[in-house]
Amino acid sequence: MENGTTKTAIMYNANLSHDQMKYYVRILTENTFLYYDLQTRRFKTTEKGLRVIEAYKRIEDMVRSQQVLPQTLRQRPVRRAGLIEIT
């Protein structure tokens, strides 16, 4: 995120309440995924944050290309008292 973003933009783009946005921004900054640039007064993604985003995109691509099946499709039925359940 070169130019960064404001708290308001985070709130609206992620469809979060103000309290939710504050919570998530705190978690992300404490874990060094985001930082606040005092000069521009905007939040920016750190290198660590960019690596996480890239990893997420790769996983998303694998799921979309069906290289990885959702958990429920991989499970085998379990017999219980004559009934079949999916656990």
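Per chain, the residues get numbers from 1 upward, laid out in the order the sequence is written. Confidence filtering applies because this is a predicted model: local features only for residues at pLDDT of at least 70, side-chain atom pairs given and counted only at 80 or more, and all residues used for totals across whole chains, interfaces and linings. Only hydrogens and water are set aside; all other atoms, that is, all heavy atoms of the structure, feed into the side-chain values.

### Concerning the overall build of the protein chain
No. 1: Summing up its helical and strand segments, the protein chain has four helices and four strands in all.
No. 2: Only DSSP runs of H or I reaching four residues or more are called helices, and only runs of E reaching two or more are called strands; each is numbered from the N terminus. Across the protein chain, helices and strands are ordered from the amino to the carboxyl terminus as α-α-β-β-α-α-β-β.
No. 3: Only protein chains enter the accessibility calculation, which uses a 1.4 Å probe; a residue whose area is less than 20% of its type maximum is buried, one above 50% is exposed, and one in between is partly exposed. Put simply, the protein chain has 87 residues, and 15% of those count as buried.
No. 4: In this analysis, two residues are considered to be in contact whenever any of their non-hydrogen atoms come within 4.5 Å of each other. For the protein chain, long-range pairs separated by at least 24 residues make up 25% of all intrachain contacts whose partners lie at least 6 apart in sequence.
No. 5: With an accessible surface of roughly 7,500 Å², the protein chain has 53% of that area assigned to carbon and sulfur atoms. Using a 1.4 Å probe, the Shrake-Rupley method yields the accessible areas, and only the shown protein chains count as cover for residues.

### Notes on helix H2 (residues 18-30)
No. 1: Any helix carries an expected span of 1.5 Å times its number of residues minus one. Across its 13 residues, H2 extends 18 Å between first and last C-alpha, which sits within 8% of the 18 Å expected from 1.5 Å per residue.
No. 2: Directly after H2, the chain includes Thr-32, whose backbone phi takes a positive value near 55°.

### Focus: a nonpolar patch on the surface
No. 1: Exposure above 30% relative accessible area and the absence of a salt bridge qualify a residue for a patch, where like charges join within 9 Å and nonpolar side chains (Val, Leu, Ile, Met, Phe, Trp, Tyr) within 5 Å. Whenever a carboxyl oxygen of Asp or Glu lies within 4 Å of a side-chain nitrogen of Lys or Arg, that contact is scored as a salt bridge. There is a patch of nonpolar side chains on the surface, built from Tyr-23, Tyr-24 and Leu-28 and spanning about 300 Å² of accessible area.
No. 2: Secondary-structure assignment places Tyr-23 in helix H2.
No. 3: What makes Tyr-23 partly exposed here is its relative accessible area of 43%.

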